[in-house]
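Breakdown of the fold
Each chain, written out:
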Amino acid sequence: MSTYVYDFAEGGRDMVGLLGNKGANLAEMTRMGLPVPPGFTVTTEACRVFLASGEPPTELRDQIRDHLAVLERGAGRRLGQADDPLLVSVRSGASVSMPGMMETVLDVGLNDYSVLGLGKTHERERFAWDSYRRLVQMYGTTVMGVDGSLFEASLTGVKEQHHAPDDSTLDVPDLIRITESFKDLILERTGRAFPQDPAEQLWGAVLAVFASWNGERARLYRRRERIADDLGTAVTVQRMVFGNLGPDSGSGVAFTRDPATGRPGVYGDYLPSAQGEDVVSGVRNTVPLQELATLDPTSFTQLHEHMAALETHYRDLCDIEFTIEGGRLWMLQTRVGKRTAQAAFGIASQLADEGVITIRQALGRVDGAGLAQLMFPRFDTTGTDTVIARGIPASPGAAVGAVVFDSAEAVRRAGAGEKVVLVRNETTADDLPGMVAAQAVLTSHGGKTSHAAVVARGMGKVCVCGAEGVVVDGRTRCFTAGRLTVPEGTVVSVDGSRGLVLRGAVPMVDSELVHYFDRGGRLPDDPAAQEAVLPVHRILQEADAARRLEVRANADTPQDAARARRFGAQGIGLCRTEHMFLGDRRPLVEAMILAEGAADRDAALGALLPLQRADFTGILKAMDGLPVTIRLLDPPLHEFLPDRTELAVRTARQEALGAAPDPRDTALLAAVNRMHEENPMLGLRGVRLGLVVPGLVAMQVRAVAEAVVTRSRAGGDPRAEIMVPLVDTVEELRLVKQEVDRVLTAVSTETGVALECPVGTMIELPRAALTAGRIAEEARFFSFGTNDLTQTTWGFSRDDVEAAFFSAYLDKGVFPVSPFETIDREGVGRLVRIAVAEGRAARPGLQIGVCGEHGGDPSSVHFFHDVGLDYVSCSPFRVPVARLEAGRAALETSGREAVDHAGGRAVPAGRVR
Ligand code: PEP
Ligand code: MG
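This structure is a prediction, so every number in the text was calculated from the model and none was measured. (Residues numbered from 1 in each chain as written. Chains lettered and ligands numbered in written order. Predicted model: local features only at pLDDT ≥ 70, side-chain atom pairs only at ≥ 80, totals over all residues. Heavy atoms only, no water.)

Structural notes on the overall build of the protein chain
For clarity, the threshold we go by: For helices the rule is a DSSP run of H or I covering at least 4 residues; for strands it is a run of E covering at least 2, with both sets numbered from the N terminus onward. Burial classes follow relative accessibility: with a 1.4 Å probe on protein chains only, a residue under 20% of its type's maximum area counts as buried, one over 50% as exposed, and anything between as partly exposed. In this description, contact between two residues means that some pair of their heavy atoms is separated by no more than 4.5 Å. Here the open area of atoms and residues is found with the Shrake-Rupley method and a 1.4 Å probe, where only the protein chains shown may cover a residue. Only four residue types enter the charge count: Lys and Arg as positive, Asp and Glu as negative, with His and the chain ends excluded. A single reference atom marks each charge: NZ on Lys, CZ on Arg, CG on Asp, CD on Glu.
A count of helices and strands for the protein chain gives 35 helices and 31 strands. Per-residue burial over the protein chain gives 54% buried out of 913 residues. Counted over contacts in the protein chain with a minimum sequence separation of 6, partners at least 24 positions apart contribute 68%. Carbon and sulfur atoms make up 51% of the accessible area of the protein chain, which amounts to about 38,100 Å² in all. Of the side-chain charges in the protein chain, 98 are positive and 120 negative, and the distance between the mean point of each set is 3 Å.

This is the structure in structure tokens:
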């Protein structure tokens, strides 16, 4: 026979999967000898049977009855007995935290008789009837399914009749009347009476808690938090204790350390003469926990001792709920407490200092998302700021500036010392100077991998995109958001961590950590700054020691490269060369595209060559001694030409005025029309460009080779690698490689400097992944371009879908997180696995990395570690996050190995990964 019910004394915290967090921790406290009101827990397994079959396990009812009998014997009272009733609470408790998402029924055991026993003394009469009417109401809605608003309406009716402004002014006759009317309502609506049998009440409450696992709120929450749907909830049944019996009673919450800052001490709130629910709901003002020392010194001292015992036992910050009933302290709940990112680092490192945990264990207590949060300035908000628009939080941080609507204006104003926010419907390569000049970028279209988002994240710039309520009118130079019109020059605050645009200049707090990273990881002298930075410093050092994955950066300027290096990057995994073709170099690119003959084209390429060489020389210098993976030009060439509509309008206008259009405009328009593509992301780009535009690859490779020669002659240690984008078949790579080798040999012969530049490829198309074994014959290294690989595997246009319908997809649970944000392990991940295995089988020792956005995403870093990549590459700002997560991933692997060696099985954590 299966065991579906455990007494608190039989469980322990290692039984979280079966008893839920609450049940397991109550059991643990009971075993530690702390004063816990006795009770028992119905397992998640019983719930799973109920959810799967619609019926509880057959033996459950008897098991509950037996455990109730034990509880009654211990209390010396029967559940709901008429003179002095035992009452119980029935609460949900899953193995993962789902605060307030499921149901609770309190005061089970009250009926028409026991209410009299509970209220036998005059002072308790009101309390007893109030408890009874609450039970009938809670039971009626939760267990019997009556619409809660009907109870509210009935209650309001009585209050109005008796001129009672709120619940607390209702007297005993009022409460009796209300209870009766609630019972009538239940009978009328369900055809069944409110059960007077306490055992029946208990059974109904347990089943209702089971059923609440699939309530709408709970389902939605699980989807958002990526909690598996089949875990089920446990149910704890516990003797009620009352904090609302008078001045020597009360309820409170306590933390063993400050959950906001991590500082040691006793933190919490206390509410005299109140039940726990009143503390949490905030209906009455609490007093600081320290005041309990004066109000009830004995209970305070005991609480203090219990808290110390719990922290030592759990080796972590504990969060506690307690009640004092008539001067007697009861511990109602404990769990390892939630905390801010700053506190997470602070507490983990303090506990390591105190010898409670090792510094390696401290690494397991923090995460990259927390570190990222600490790296961005944040608003010091009061919560009263006016939100004028909402969008997708695409690049975190906080920024304030005057709104501008085009790149040129952004550059002009920023040049004059003004802080600006660039607002566009969407951004293109043309907006780059404006993005550099702006503090933040706001777009009304596009998702987390739109141009705006990717570029902003790369620069560590705040970005909110896809703010659909924002309509930009470039003509009147304003944007509207709902009924609000915001003219150019208006100051707004952009919160990239929450995806909000706020009115006016909200004050900001700077990140001490970014200064620390910018100093190359040197600690600040100022003690206050040091307190904030030291825990991160120590834990990150540990991560670096533990990790197997290298961390490189995506960077394409010497400045970014230098910064990435200071942030701990071990090279550049992706240097996108397209950004070097913009700005004042654009006319040269246009000339190359418009060239009518080989001579014209060679002249244009020849003019670009020294500029590219200088770019590469600077980057190789900044990354001296470390690998720099330079990618050949990737985007379609028409991205470097003026906008098609703009050109058409300009030439048409000139024609309409009777003037001959500017011949350059006519030529450009013809070129734009010729190159126009319906699906440019699937068109003439990547390696395809290199194969059809004569001279382009040769120019770029020559620039790289000559930069290497320059750096070598200057005594440097340049380590350039050449990467070919968007390869589909090995033939493409073979052809480009022949060209690369030809140029490298030529430069080597010309200069007398031996050149060793490995040539590799991006794997960013499904075909490339599936034929990786063939491709590896020609490639010295692979780098997964997971942005394009996700786009082409799913058939999702990366620039469009996130804003267009991803929110609906997320709501409907099609996927729990955007596959552009966190790698889709099942689909895209499978391609990655295949390519790694087949690539390495063909070429043992093949270097493999990833340079898509996923390279800096915490969860994805764990995947890349697991599949055996050599490195991840991400924007400079995410380098510390990737370092930390790579360390954590290594730790997890060694933990798994330890479990495997011990012959055990890792318990599923309950999270969908
Ligand atoms: C990718 O596709 O993942 C990649 C890194 O290339 P890009 O984003 O420049 O297309
Ligand atoms: Mg790509």
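There's plenty left to go through after this.
Quick look at helix α23 (residues 598-622)
Filter applied, for reference: By this rule the span expected of a helix is its residue count minus one, scaled by 1.5 Å. The reported bend at a residue is simply the angle between two axes, fitted to the 7 residues ending at it and to the 7 residues beginning with it.
Taking 1.5 Å per residue as the helical rise, α23 with its 25 residues ought to reach 36 Å, and the 35 Å between its terminal C-alpha atoms agrees with that figure. Of all the bends in α23, the largest measures some 25 degrees and sits at leucine 609, one to four residues before the proline proline 610. For α23, the complete set of buried residues consists of Arg601, Ala604, Leu605, Leu608, Leu609, Gln612, Asp615, Phe616, Thr617, Ile619, Leu620 and Ala622. Looking at the buried residues of α23, the elements they touch are α21 (558-566), β25 (572-576), α22 (586-594), β26 (627-631), α27 (696-713) and β27 (719-724).

Concerning the coordination of the magnesium ion (ligand 2)
In plain terms, the rule: Atoms are scored as donors when they are N, O or S and lie within 2.8 Å of the metal, with 3.2 Å used for Na, K and Ca; no water is included, so coordination may look incomplete.
Protein-derived coordination of the magnesium ion (ligand 2) comes from Glu764 (OE) and Asp788 (OD), at a distance range of 2.1 to 2.2 Å. Taken together, the residues span a long stretch of sequence, with glutamate 764 in the loop between β28 (759-763) and α29 (766-770) and aspartate 788 in helix α31 (residues 786-794) at a distance of 24 residues. When sorted by exposure, glutamate 764 lands in the same class as aspartate 788, which is buried.

Some thoughts on the domain arrangement of the protein chain
For interface size, the figure often reported is the accessible area lost on association. Note the following rule: These domain limits were set by an automatic method or by a database of domain assignments.
Here the protein chain is described as being made up of domain 1 (45-239), domain 2 (250-339), domain 3 (377-510) and domain 4 (547-636 + 677-892). Inter-centroid distance (C-alpha atoms) of domain 1 to domain 3 is 50 Å.

Structural notes on the site of ligand 1
What counts is decided by this rule: Residue proximity to a molecule or strand is established when one non-hydrogen atom of the residue lies within 4 Å of it. Polar contact is defined as a pair of N or O atoms within 3.5 Å, subject to the rule that within protein one atom must be able to donate a hydrogen and the other to accept it, and that residues adjacent in sequence are counted only when both atoms are side-chain atoms.
Every one of the 14 residues lining ligand 1 counts as a neighbour, but Arg576, Arg631, Gly785, Asn787 and Arg798 are closest to it. At 3.0 Å, a side-chain N or O of glutamate 764 approaches an oxygen atom of ligand 1. Surface burial for ligand 1 is 95%, taken as the share of its 290 Å² of free accessible area covered by protein chains. When contributions to the shell around ligand 1 are tallied by element, the ones reaching two or more residues are β25 and α31. With three residues, α31 is the single largest residue contributor to the shell around ligand 1.

Here's the deal with helix α6 (residues 148-161)
Note: α-helices contain 3.6 residues per turn, so residues at a spacing of three or four share the same orientation. In this model, α6 (14 residues) spans 20 Å end to end at C-alpha, consistent with the 20 Å of a helix rising 1.5 Å per residue. Its side-chain oxygen placed 3.0 Å from the backbone nitrogen of serine 149, aspartate 147 serves as the N-cap of α6. Of the residues one or two after α6, histidine 163 is the one with positive phi, at around 50 degrees.

Some points on the sheet that holds strand β8 (residues 287-288)
Keep this limit in mind: At least two bridges found by DSSP between two strands are what make those strands a pair.
Read from one edge to the other, the open sheet built from five strands follows the order β8-β7-β6-β9-β10, with strand pairing classed as antiparallel. Two strands close off the open sheet at either side, each with one partner strand: β8 and β10 (328-336). Across two bridges, the pairing between strand β7 (residues 264-272) and β8 is antiparallel. Residue pairing in the sheet places aspartate 269 in a bridge with proline 288 of β8.

What about the state of the cysteines?
Put plainly, a disulfide is one covalent bond tying together the sulfur atoms of two cysteines. Keep this limit in mind: By disulfide we mean two sulfur atoms from cysteines, separated by a distance within 2.5 Å.
As enumerated under the stated definition, the model contains zero disulfides in all. Cysteine 575 takes part in no disulfide bond, and the closest cysteine sulfur, belonging to cysteine 851, lies 11 Å away.

Section: a nonpolar patch on the surface
Operational definition: Within the patch definition used here, like charges are joined within 9 Å and nonpolar side chains (Val, Leu, Ile, Met, Phe, Trp, Tyr) within 5 Å, considering only residues with over 30% relative accessible area and no salt bridge. For this analysis, a salt bridge means a side-chain nitrogen from Lys or Arg found within 4 Å of a carboxyl oxygen belonging to Asp or Glu.
On the surface, a nonpolar cluster with roughly 320 Å² of combined accessible area is contributed by Leu684, Leu691, Val692 and Leu735. Among the structural elements, leucine 735 can be located in helix α28 (residues 730-751).

Section: the environment of alanine 82
Mapped onto the elements, alanine 82 comes out in the loop between α3 (60-75) and β3 (88-94). On the accessibility criterion, alanine 82 (45% relative accessible area) is partly exposed. Once residues within four sequence positions are removed from consideration, alanine 82 is found in contact with Tyr113, Ser114 and Gly117.

Remarks on the packing of α31 against helix α33 (residues 828-842)
The test is simple: Note on definitions: angles span 0 to 180 degrees between N-to-C directions of axes, and those axes are lines fitted to C-alpha atoms, for helices only across the stretch in contact. Whether a crossing is left-handed or right-handed is set by the direction in which the near helix is turned from the far one by less than a right angle, anticlockwise for left-handed and clockwise for right-handed. Each residue gets one label: Ala, Val, Leu, Ile, Met, Phe, Trp, Tyr, Cys and Pro are nonpolar, Asp, Glu, Lys and Arg are charged, and the others, such as Gly, are polar.
For the pair α31 and α33, the least separation of the axes is 10 Å and the interaxial angle reads 115 degrees. Pair α31 / α33 crosses with right-handed handedness. Only Val828, Leu831 and Val832 of α33 make contact with α31, whose side of the interface consists of Leu789, Thr790, Thr793 and Trp794. Split into classes, the residues belonging to the contact of α31 with α33 amount to five nonpolar, two polar and no charged.

Topic: the pattern of salt bridges
As enumerated under the stated definition, the model contains 57 salt bridges in all. When the shortest N-O distance is used, the salt bridge between arginine 566 and aspartate 518 registers 3.0 Å. One end of the pair, arginine 566, is in helix α21; the other, aspartate 518, is in helix α19 (residues 512-518), and 48 residues separate them in sequence. In this structure, a network of salt bridges that share partners links the residues Glu578, Arg631, Asp634, Arg685, Asp788 and Arg798.

Things to note about the packing of α3 against helix α8 (residues 198-212)
Any two packed helices are characterised by the angle at which their axes cross and by the distance between the axes. Definition in use: Here is the rule for angles: anything less than 35 degrees is roughly parallel, anything more than 145 is roughly antiparallel, 65 through 115 is roughly perpendicular, and the remaining ranges are oblique.
It is at 11 Å that the axes of α3 and α8 come closest, and there the two elements cross at 120 degrees. As summarised for this structure, α3 and α8 are arranged oblique, according to the angle between their axes. For the pair α3 and α8, the sense of crossing is right-handed. Contacts between α3 and α8 involve Leu60, Arg61, Ile64 and Leu68 from the first element and Glu200, Leu202, Trp203, Val206 and Phe210 from the second. Of the residues contributing to the contact of α3 with α8, the split by class is seven nonpolar, no polar and two charged.

Focus on the packing of aromatic side chains
Heads up, the condition is: Side-chain rings of Phe, Tyr and Trp (the six-membered ring for Trp) are treated as a pair once their centres are within 6.5 Å; stacked means planes under 30 degrees apart, edge-to-face means over 60, and tilted covers the remaining angles.
Inspection of the entire model under this criterion finds 24 aromatic pairs. Between the aromatic rings of tryptophan 129 and tyrosine 132, the centroid separation amounts to 5.8 Å while the plane-to-plane angle is 55 degrees, which identifies the pairing as tilted. Here tyrosine 132 and tryptophan 129 lie together in helix α5 (residues 122-142), a separation of three residues that amounts to about one turn. Judged on exposure class, the residue tryptophan 129 and its partner tyrosine 132 are both buried. A ring pair is formed by phenylalanine 405 and phenylalanine 479, whose centres lie 6.3 Å apart and whose planes are at 80 degrees; its orientation type is edge-to-face. Highlighted residues: phenylalanine 405 in the loop between β14 (398-404) and α16 (407-415) and phenylalanine 479 in strand β19 (residues 478-481), separated in sequence by 74 residues. Side by side, phenylalanine 405 and phenylalanine 479 carry an identical accessibility label, which is buried.

What about the sheet that holds strand β5 (residues 233-239)?
The five strands lie next to each other as β1-β2-β5-β3-β4, forming an open sheet whose pairing is antiparallel. Only two strands of the sheet have a single partner each, and these edge strands are β1 (5-7) and β4 (104-108). The average angle at which neighbouring strand axes cross in this sheet is 20 degrees, direction not considered. Judged from the three bridges that link them, β3 and β4 form a sheet pairing that is antiparallel. Bridge pairing in β4 links arginine 91 to threonine 104. Contacting β1, β2 (39-42), β3 and β5, helix α1 (residues 16-31) runs over the sheet at an angle of about 125 degrees to β3.

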